[in-house]
Amino acid sequence: MSQSKILNYLSGYSPQVQQQVLALLDSHKSGAWLLKKYPQVHELVSERALYDYAQGIKNQYMRSSPPISKVIYDDKIHIINNALGLHTYVFRVQGAKLKKKNEIRISSLFRKVPEPFLRMILAHELAHLREKEHNKAFYKLCCHMEPEYHQLEFDLRLYLCHRDRFGVLWG
């Protein structure tokens, strides 16, 4: 894997952290480290299960936020574009009114990853219901829903680097 590809996944991290990731990958220890820390994949493979899981997180932490109408896995989301998931809204005509429906789309790649990674992605997308920009308030909300948000995001990005070089770990 080229160093520039790692920079895609880890562009927000310091050069020292990027070099540590490269060293971990070069030593072929990234897979064992990830598997030890995250031994099992989640069982939320159906879109109904994914929706219910996301709704549970929303109800626990963001009860007063706008409702979500759909949460699905999407084959069209490309990790290379830095999108792990997307929060979108669709406008629908209902009688004489125009209604906005919030939808969350998660890359299909995440059907077979550990549950903490999926939870982190959902916390990120749910935070967009309140905060559209990636600002301080946005990340504070992400950390409110998932206290290990930043570590999980880093570990997921490490997995993406590992996956590009060596292939999938889970499933």
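Residues numbered from 1 in each chain as written. Predicted model: local features only at pLDDT ≥ 70, side-chain atom pairs only at ≥ 80, totals over all residues. Heavy atoms only, no water.

Structural notes on the overall build of the chain
Along its length, the chain carries 7 helices and 3 strands. Counting over 171 residues, the chain shows a buried share of 42%. Restricting the contact set of the chain to residue pairs at least 6 apart, pairs at least 24 apart contribute 66%. Counting every atom, the chain has about 9,400 Å² of accessible surface; 52% of that belongs to carbon and sulfur. (Helix = DSSP H or I, 4+ residues; strand = E, 2+ residues; numbered from the N terminus. Buried < 20%, exposed > 50% of the residue type's maximum accessible area, 1.4 Å probe, protein only. Contact = heavy atoms within 4.5 Å. Areas by Shrake-Rupley, 256 points an atom, 1.4 Å probe, with all protein chains shown as cover.)

A look at the pattern of salt bridges
Evaluated as defined, the whole model comprises 9 salt bridges. Arg-48 is paired through a salt bridge with Asp-52; the nearest N and O atoms lie 3.2 Å apart. Of the two residues, Arg-48 and Asp-52 both sit in helix 4 (residues 47–61), 4 residues apart, roughly one turn of that helix. A residue is classified by how much of its surface remains accessible, and Asp-52, at 39% relative accessible area, is partly exposed. With its nearest N and O atoms 2.7 Å apart, the salt bridge here joins Arg-119 to Glu-115. (Salt bridge = Lys/Arg side-chain N within 4 Å of Asp/Glu carboxyl O.)

With respect to the packing of helix 5 (residues 115–127) against helix 7 (residues 149–166)
Closest axis-to-axis distance for the helix 5/helix 7 pair is 9 Å, and the angle between their directions is 115 degrees. Helix 7 is crossed by helix 5, and the crossing has left-handed handedness. Between helix 5, through Pro-116, Phe-117, Arg-119, Met-120, Ile-121 and His-124, and helix 7, the contact on the second element is made entirely by Tyr-149, Leu-152, Glu-153, Asp-155, Leu-156 and Tyr-159. Here the contact of helix 5 with helix 7 is built from residues that sort into 8 nonpolar, 1 polar and 3 charged. (Axes fitted to C-alpha atoms, helices over the stretch in contact; angles between N-to-C directions. Left-handed = near helix turned anticlockwise from the far one by under 90°. Nonpolar A, V, L, I, M, F, W, Y, C, P; charged D, E, K, R; others polar.)

Thoughts on the pairing of strand 1 (residues 68–74)
Counting buried residues along strand 1, 5 of its 7 residues qualify, which places the element largely inside the surrounding structure. Two elements, strand 1 and strand 3 (residues 97–107), share 6 bridges in a ladder whose sense is parallel. The partner of Ile-72 across the bridge, within strand 3, is Arg-105. (Pairing = 2+ DSSP bridges.)

Digging into the packing of aromatic side chains
Evaluated as defined, the whole model comprises 6 aromatic pairs. Taking the centre distance of 6.1 Å and the plane angle of 55 degrees together, the rings of Tyr-139 and Tyr-149 count as tilted. Remark: Tyr-149 occurs in helix 7 and Tyr-139 occurs in helix 6 (residues 136–145); sequence separation between them is 10 residues. Residue class for Tyr-149 comes out buried when judged on its relative accessible area of 0%. An aromatic cluster of at least three residues, connected via ring pairs, comprises Tyr-38, Phe-117, Tyr-159 and Trp-170. (Phe/Tyr/Trp six-rings, centres within 6.5 Å; stacked < 30°, edge-to-face > 60°.)

Observations concerning helix 5
Here helix 5 contains 13 residues, and its C-alpha end-to-end distance of 18 Å stays within 8% of the 18 Å for a straight helix at 1.5 Å per residue. Of all 13 residues in helix 5, 11 are buried, a share of seventy percent or more. Every buried residue of helix 5 is accounted for by Pro-116, Phe-117, Leu-118, Met-120, Ile-121, Leu-122, Ala-123, His-124, Glu-125, Leu-126 and Ala-127. (Expected span 1.5 Å × (residues − 1).)

What to know about the nonpolar core
Side chains of nonpolar character tend, in soluble globular proteins, to be buried together. One finds Ile-106, Phe-117, Leu-122, Leu-126 and Met-145 to be the most contacted residues of the largest nonpolar core, which totals 41 residues. Elements with a contribution of two residues or more to this core: helix 1 (3–10), helix 2 (15–26), helix 4, strand 1, strand 3, helix 5, helix 6 and helix 7. When neighbours within four sequence positions are excluded, Leu-122 is seen to be in contact with Leu-50, Tyr-53, Ala-54, Ile-57, Val-71, Ile-104 and Ile-106. (Core = buried A, V, L, I, M, F, W, Y, C linked by side-chain atoms within 4.5 Å.)

Considering the environment of Leu-25
Take Leu-25: it is sitting in helix 2. For the pair Leu-25 and Cys-161, spaced 136 residues apart in the sequence, the C-alpha separation amounts to 8.1 Å.

Bear in mind that shape data such as this cannot, by itself, settle questions of function.
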